[in-house]
Amino acid sequence: MSLTIAFIGLGNMGYPMAKNLITGGFTVKLYNRSPEKVKDLVTLGGQHTVSIAEAVQPADVVVTMLSDDEAVKEVSDQILPAIKPGSIHLSMSTIKAETSKQLAEQYMAKKAVYLASPVMGRPPAAEGKLLYILLSGDAGAKEKVKPVLEAMSQRIFDFGIDPAIAHTVKLMMNFMIFGVVEMLSEVLLVAEKTGIDKDIFLDTMHNTIYGAPVFKIYGGLVAREVDNPNGFAMQLANKDLRLAQETAADAGQRLPLAELIRSHFEAIIADGGGKKDLGMFISHLRKTL
């Protein structure tokens, strides 16, 4: 591939995404605060860099997959002085729309392009190139990065030219996931306490009225109640839910269900469970309901 990519952020999601770009034939410059995560990717053909500037300077596309708004802002402060005019920042993190607006202006001032491209999917989907990408921003830049996005995903949803929109959609989609997890946890607890076989219940649910992938994935996670350190940590879920509430508030709306779910997240975090996977939500409800 002719495009050179800088990939910044090799966490649970970023690592398999970068791996797919390398095995897809792209030249990929890698940067991560913990350099040990780069070693295996270098053996596949990735190129280790010791600074963000070193990764970004030759890059046509800069991909960031980071934990929150502050991390994206902090990394962008180092990207902006180094980025080439005409290069594209693919911002794949879950952040607020307001942050994306600010960043888009900063990249424009450098004659570069900010493209919002948050993803839907857990680490196994990232590994299998089965992510869904929510995209918004400059039309020409979207066309240029299309091969990059396709190398990491199964489908791209285009939400137009406003880079804030894709981030807003991602927050609302995550809010719906958290609502599903709350409902599944409550229902499966009732099943447990009334002697209903949870596997049969899930089979019934999946093959009647709730057969969507989100119910199948999270239904199994909640029913098995096995913590996954590479999954969706409660503290990150709580961050996303807070951003969803703030986004709704900016539009003059409330998310009443989010207030209930957020109270559970806050209690789990206060009890030391912030790094537990979202599928462990049921454990908290069992102790408190």
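Coordinates for the structure precede this section.
Here is what the cut-offs are and how they apply
Residues numbered from 1 in each chain as written. Predicted model: local features only at pLDDT ≥ 70, side-chain atom pairs only at ≥ 80, totals over all residues. Heavy atoms only, no water. Salt bridge = Lys/Arg side-chain N within 4 Å of Asp/Glu carboxyl O. Helix = DSSP H or I, 4+ residues; strand = E, 2+ residues; numbered from the N terminus. Buried < 20%, exposed > 50% of the residue type's maximum accessible area, 1.4 Å probe, protein only. Polar contact = N/O pair within 3.5 Å; in protein donor to acceptor, adjacent residues only side chain to side chain. Contact = heavy atoms within 4.5 Å. 1 Å grid on protein atoms, 1.4 Å probe; cavity = no way out; pocket = protein on both sides within 12 Å on 5 of 7 lines; lining within 4 Å. Points joined across faces, edges and corners; volume = space filled by probe spheres on them. Nonpolar A, V, L, I, M, F, W, Y, C, P; charged D, E, K, R; others polar. Pairing = 2+ DSSP bridges. Axes fitted to C-alpha atoms, helices over the stretch in contact; angles between N-to-C directions. Expected span 1.5 Å × (residues − 1). Core = buried A, V, L, I, M, F, W, Y, C linked by side-chain atoms within 4.5 Å.

> Looking at this model, I keep getting lost on the pattern of salt bridges. Mind explaining?
Side chains carrying opposite charge are able to pair once their charged atoms draw close together. Here the structure, examined in full by the defined rule, presents 14 salt bridges. Across the pair Glu-70 and Lys-73 runs a salt bridge whose closest N-O atoms are separated by 3.7 Å. Of this pair, Glu-70 and Lys-73 are both found in helix α4 (residues 69-79), 3 residues apart, which corresponds to roughly one turn of the helix. The exposure class of Glu-70 is exposed, given its relative accessible area of 52%. Within the structure, one salt-bridge network assembled from shared partners comprises Lys-96, Arg-242, Glu-246 and Asp-250.

> Where do I start with the side chain of Thr-99 in this structure?
Mapped onto the elements, Thr-99 comes out in helix α5 (residues 97-109). Polar side-chain contacts of Thr-99 include one of 2.5 Å to the side chain of Asp-69. Ignoring anything within four residues of it in the chain, the contact list for Thr-99 reads Asp-69 and Lys-73.

> How should I be thinking about unusual backbone geometry in this particular structure?
Excluding glycine, residues mostly carry a negative phi; peptide bonds, for their part, are mostly trans. At Lys-111, a position not held by glycine, the phi torsion is positive, near 60°. Within the element layout of this structure, Lys-111 appears in the loop between α5 and β6 (113-116). On the accessibility criterion, Lys-111 (64% relative accessible area) is exposed. In this structure, Lys-129 is a non-glycine residue whose phi angle is positive, near 55°. With respect to the helices, strands and loops of the structure, Lys-129 is situated in the loop between α6 (123-127) and β8 (131-135).

> How should the layout of surface pockets be read in this particular structure?
Unoccupied space between atoms shows up once a probe the size of one water molecule is rolled over them. Computed from the structure, the second largest pocket encloses a volume of approximately 210 Å³. Lining the second largest pocket, in full, are Leu-10, Gly-11, Asn-12, Tyr-15, Pro-16, Lys-19, Lys-37, Pro-123, Pro-124, Glu-127 and Asn-230. A breakdown of the residues in the lining of the second largest pocket according to their chemical character gives 5 nonpolar, 3 polar and 3 charged.

> So what exactly am I meant to see when it comes to the sheet that holds strand β3 (residues 47-48) here?
Strand pairing within a sheet occurs via backbone hydrogen bonds; the two strands may be parallel or antiparallel. Ordered by their spatial adjacency, 6 strands build an open sheet running β3-β2-β1-β4-β5-β6, and the pairing between neighbours is parallel. Because the sheet does not close on itself, it has two edges, and the strands there are β3 and β6. Alignment of strand β4 (residues 61-64) against strand β5 (residues 88-91), held across 4 bridges, turns out to be parallel. Each residue of the ladder has a partner; that of Val-61, found in β5, is Ile-88. Seen against the sheet, helix α1 (residues 14-23) touches β1 (4-8) and β2 (27-31) and runs at an angle of roughly 165° to β1.

> Sorry if this is basic, but what is going on with the sheet that holds strand β7 (residues 119-120) here?
Ordered by their spatial adjacency, 3 strands build an open sheet running β7-β8-β9, and the pairing between neighbours is mixed. With one partner strand each, in any of the chains shown, β7 and β9 (153-158) form the two edges of the open sheet. In terms of strand pairing, β8 meets β9 through 5 bridges, oriented parallel. Its bridge partner lying in β9, Ile-133 is registered against Ile-156.

> When you look at helix α8 (residues 163-193) in this model, what are you seeing that I'm missing?
Structurally, the α-helix is built with 3.6 residues per turn, so residues lying three or four positions apart point the same way. With 31 residues, α8 extends 47 Å between its outermost C-alpha atoms, agreeing within 8% with the 45 Å of an ideal straight helix rising 1.5 Å per residue. Measuring from the side-chain oxygen of the N-cap residue of α8 to the backbone nitrogen of Ala-164 gives 2.9 Å; that N-cap residue is Asp-162. Two residues or fewer past α8, Gly-195 is found with a positive phi of approximately 80°.

> Quick question: what am I supposed to make of the nonpolar core here?
Considering soluble globular proteins, one finds that nonpolar side chains tend to be buried as a cluster. Core analysis: the biggest nonpolar cluster contains 60 residues, and Val-56, Ile-79, Phe-178, Phe-265 and Leu-278 have the highest contact counts within it. Tallying contributions element by element places α8 first for this core, with 11 residues. If we skip the residues at most four places from it in the chain, Phe-265 touches Phe-178, Met-234, Ala-237, Asn-238, Leu-241, Leu-278 and Phe-281. Counting residues in each nonpolar core, the second largest holds 33 residues, with Phe-7, Ala-18, Ala-125 and Leu-135 among its members.

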